[in-house]
Amino acid sequence: MMQRLIPVLLALILLAGCSDVGPEIQPPKEAELIQPALTYENAYNGPLYDAGFHAAKDADLQLLIADMDRNGVNWAISYFAVQGAQSRTALTTSQGLGRILATVQENPGRVLPFINPGLSPTEATATLDSLLPMMYAEALRSSEEISPGAISGLGEMEQYAWQTGPDDNRVMELYRMAAAANKSVSMRISAGQARAMQQVLETFPETKFIIRMSPEDLRKDRTAIMQLLKKYPNLYYGIGPDQIMTGPETGSPLLPGQESFDDNSDEMLARAVQLYKPLDDGAPEKIVWSTDIRAKDSLEPEAYDKLIEFSRRFIFRMEMEHQDKVAYKNALSAFGKGVTIRQPVVVEDTSSWNKCNDEQKQHCNEQCLPIPKETPESASCQKACTNRIKCL
């Protein structure tokens, strides 16, 4: 076990020197804010800060920026998959750190990248003992070496599906990495984990955490979560369409375009206000809004605009003096504006590359054969190989 943790511990030592690269938190002037082109009656119509967007592998991030501009979303915390160590000579626009750098260099000050290995909950659970923390550590260490400050945090950690609590020693290892590098953490927890979350917050008082829960779990734990939000200045609660746009029976999200969406819109809004307004009333400085978008189709303009419209109607139901706090001020104060790269990094554009054919895949498998599969080293080898032959 100790041999497995040595690379992680070494990475933590290296990351300890990165504690001065946190986000520059300065409130923008009113004239600098992007105002929405789309506004609605009986809705909050000011600037927004998306405190949690899933930058899925197939998500068109330039389409996202256009969506944000049209809807007055000034900044977005975005979750990117970065698997293991990154190489300055193998950065591409299609994956990993290269995709992050291409995005933030083209859109300075708009995006705050949070990273995770891109594993499924089942894969993450199976690798908690060694591989998962090593992948996080190597990704963060190498990213900081290549472009200090390009990464804003770790997440989103889907701990509700990891079959473990937030205070599990294996998970605490991930928070130590974040704390050593002055990064924030975003995660999902389950009902009954408020006490465990308290232990996390007391152990890492300087690390900022965004938590989310399903509506069902929050109903069970709302009082306990409220107490945590009031007591701990480093805890924030994320609310967005994934939580407020839910069906009456299943609790699963209803998305624009589904037949029942418009028919249930008012009812959905009433349920969301009933559940979440008391949370905002009790801790108005600690609630942040996020789209929590996962599906590629949600970036299509019609669908994205509907998500924002519903969110604006929801925010409008909060107390008047709380609306702009939920919409953007709380997140801006806590996490700052998007990343701006100080020293440009060269990233190879893969937009014209084709998918790797069977022969190319076989070639790279043979090139990387001596390395055990399903390891960060194997993933890095495969990536370097496909980059050399220019295929995806």
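Cut-offs and rules
- Throughout, residues of each chain are indexed from 1 in the direction in which the sequence is written.
- The predicted origin of the model limits local features to residues at a pLDDT of at least 70 and limits the giving and counting of side-chain atom pairs to 80 or more, whereas totals for whole chains, interfaces and linings rest on all residues.
- Only hydrogens and water are set aside; all other atoms, that is, all heavy atoms of the structure, feed into the side-chain values.
- A side-chain nitrogen of Lys or Arg and a carboxyl oxygen of Asp or Glu constitute a salt bridge if their distance falls within 4 Å.
- In this description a helix means any DSSP run of H or I spanning at least four residues, a strand means any run of E spanning at least two, and both kinds are numbered starting from the N terminus.
- Only protein chains enter the accessibility calculation, which uses a 1.4 Å probe; a residue is then buried when its area is under 20% of its type maximum, exposed when over 50%, and partly exposed in between.
- Any pair of residues with heavy atoms lying within 4.5 Å of one another is described as a contacting pair.
- Working definition: rings of Phe, Tyr and Trp (its six-membered ring) pair if their centres are within 6.5 Å, and the pair is stacked with planes under 30 degrees apart, edge-to-face with planes over 60 apart, and tilted otherwise.
- Pairing between strands is defined by DSSP: at least two bridges between them are needed.
- Where helices are involved, their axes are fitted lines through C-alpha atoms of the stretch in contact, as for all axes, and angles between N-to-C directions lie from 0 to 180°.
- For the purposes of these results, a polar contact is taken to be a pair of N or O atoms within 3.5 Å, where, inside protein, one atom must be able to donate a hydrogen and its partner to accept one; residues adjacent in sequence count only when each atom of the pair is a side-chain atom.
- Here, the arc refers to the directions that run from the helix axis to the C-beta atoms.
- Disulfides are defined in this document as cysteine sulfur pairs within 2.5 Å.

Quick look at the pattern of salt bridges now. If you walk through the whole model with that rule in mind, you get 22 salt bridges. Between Glu158 and Arg294 there is a salt bridge, with its nearest N and O atoms 2.9 Å apart. With a gap of 136 residues between them, Glu158 in the loop between strand 4 (153-157) and helix 6 (169-180) and Arg294 in the loop between strand 8 (287-289) and helix 11 (301-316) connect regions that are remote in the sequence. Since its relative accessible area comes to 14%, Glu158 is described here as buried. For Asp168, the salt bridge goes to Arg170, with nearest N and O atoms at 3.0 Å.

Its location among the elements puts Thr92 in the loop between strand 2 (73-81) and helix 3 (96-106). Ignoring any residue separated from it by four or fewer positions in sequence, one finds Thr92 in contact with Gly98, Arg99, Val347, Glu348, Thr350, Trp353 and Asn387.

Applying the stated criterion across every chain yields a total of 6 aromatic pairs. Pairing Tyr49 with Trp75 gives two aromatic rings, centres 5.4 Å apart and planes at 40°, and the pair type is tilted. With Tyr49 in strand 1 (residues 48-54) and Trp75 in strand 2, this residue pair connects regions lying 26 residues apart in the sequence. In this structure Tyr49 comes out as buried when scored by relative accessible area, which is 0%. Classification of Trp75 by relative accessible area gives buried; the value is 5%. For the ring pair Tyr79 and Phe114, a centre distance of 6.1 Å and an interplane angle of 65° mean the geometry is edge-to-face. You can see Tyr79 sitting in strand 2 and its partner Phe114 sitting in strand 3 (residues 111-116), a full 35 residues away along the chain.

This next bit is on the environment of Lys220. Inspection of the secondary structure assignment puts Lys220 in helix 8 (residues 215-231). Judged by relative accessible area, Lys220 falls into the exposed class, the value being 63%. Linking Lys220 and Ala191, residues 29 residues apart in sequence, is a C-alpha distance of 6.4 Å.

Strands sit in the order 1-2-3-4-5-6-7-8 across an open sheet of 8 strands; the sheet is parallel. At either margin of the open sheet sits one strand with a lone partner, and together these are strand 1 and strand 8. Across the sheet, the axes of successive neighbouring strands diverge by a mean angle of 25°, strand direction being ignored. Taken together, the 2 bridges between strand 3 and strand 4 define a ladder with parallel strand orientation. In the strand pairing of strand 4, Ile115 is matched with Leu154. Its contacts with the sheet put helix 8 on strand 6 (209-212), strand 7 (235-239) and strand 8, and the angle it makes with strand 7 is roughly 145°.

With that settled, the discussion passes to the side chain of Asn71. Position of Asn71 relative to the elements: it lies in helix 2 (residues 61-71). A distance of 2.8 Å separates the side chain of Asn71 from the side chain of Asp305, its partner in a polar contact. Ignoring anything within four residues of it in the chain, the contact list for Asn71 reads Pro36, Leu38, Tyr40, Leu48, Tyr304, Asp305, Ile308 and Arg312.

Along helix 7 (residues 194-203), the residues that are buried comprise Ala194, Ala196, Met197, Val200 and Leu201. The arc that holds the buried residues of helix 7, viewed along the axis, is 155°, so those residues lie on one side. Elements in contact with the buried residues of helix 7: helix 6, strand 5 (184-188), strand 6, helix 8 and strand 7.

What follows concerns unusual backbone geometry. For the bond running from Gly155 to Glu156, omega is 5°, close enough to zero to count as cis. Here Glu156 is to be found in strand 4. At Asn42, a position not held by glycine, the phi torsion is positive, near 55°. Within the fold, Asn42 resides in the loop between helix 1 (2-15) and strand 1. For Asn182, which is not a glycine, the phi torsion comes out positive at approximately 60°. Under the relative-accessibility criterion, Asn182 is labelled partly exposed at 34%.

In this section: the state of the cysteines. This model, assessed by the stated rule, comprises 3 disulfides. The disulfide bridge from Cys368 ends at Cys381, spanning 2.0 Å between sulfur atoms. Residues Cys368 and Cys381 share a disulfide whose torsion about the S-S bond is about -90°; that sign makes it left-handed. You can see Cys368 sitting in the loop between helix 13 (358-367) and helix 14 (376-388) and its partner Cys381 sitting in helix 14, a full 13 residues away along the chain. Like Cys368, the residue Cys381 is buried in the burial classification.

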